[in-house]
Amino acid sequence: MKKLSGLYILFALLCGLNLISYAQEPTPTPNPASYDSNQITHPEWFLKITDWSFFAPARVAMLSSVKIENTASIAYKDIRIRVVFSASSGPAVGQTIATTESMLPVVVPPNSADTYLKGGMPVGAGRQGYRVSEIQVLTATPITD
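Thresholds applied
- Residues numbered from 1 in each chain as written.
- Predicted model: local features only at pLDDT ≥ 70, side-chain atom pairs only at ≥ 80, totals over all residues.
- Heavy atoms only, no water.
- Core = buried A, V, L, I, M, F, W, Y, C linked by side-chain atoms within 4.5 Å.
- Buried < 20%, exposed > 50% of the residue type's maximum accessible area, 1.4 Å probe, protein only.
- Helix = DSSP H or I, 4+ residues; strand = E, 2+ residues; numbered from the N terminus.
- Contact = heavy atoms within 4.5 Å.
- Pairing = 2+ DSSP bridges.
- Axes fitted to C-alpha atoms, helices over the stretch in contact; angles between N-to-C directions.

1. A word on the nonpolar core
One recurring pattern in soluble globular proteins: nonpolar side chains tend to sit buried together. Counting 26 residues, the largest nonpolar core has L47, I49, I68, I79, I81, L104 and V106 as the members making the most contacts within it. At five residues, the largest contribution of residues to this core is made by strand 3 (residues 75-87). Ignoring sequence-local partners within four residues, the contact set of I79 consists of L47, I68, S102, M103, L104, V106, V108, V137, T139 and A140.

This is the structure in structure tokens:
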């Protein structure tokens, strides 16, 4: 009887220390197109703007090209961005002087990096002393066909 109760105690200790485990179903991988997937709810985590070119003819801020990298396994369209302008001349060199929001009317395929807007797109008012210091992706519409 002492031997049997000692085995029960040993078994309880091993279970308590997780040295004995039971078979479990493997954790299913989430569907990237499911509604609660991070790729759907947080597209800004997967879309990165890595390069751009900017000019300001006649006081109109123009993006002439934007390189977008998509690390998600789904495509996105209608990418809403925030453009941060800073001064390149005058007393406020390097300081943020304006921000504007705009929508890039492009479709970005999954797991890609490409340059878009090769013809240019106005993104607000500007002047020769402005430069784009940062472009942030705010949101995008996932394409989940």
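2. Considering the sheet that holds strand 3
Sheet architecture is open: three strands sit in the order 4-3-7, paired in antiparallel fashion. Pairing within the sheet leaves two strands with one partner each, and these edge strands are strand 4 (96-108) and strand 7 (130-143). The sheet shows a mean angle of 20° between the axes of neighbouring strands, taken without regard to direction. Alignment of strand 3 against strand 7, held across 11 bridges, turns out to be antiparallel. The residue of strand 7 that forms the bridge with R80 is T139.

3. Focus on the pairing of strand 3
Summarising the sheet, strand 3 and strand 4 pair through 10 bridges and their orientation is antiparallel. Residue I81 lies in a different strand from strand 4, and its bridge partner there is S102.

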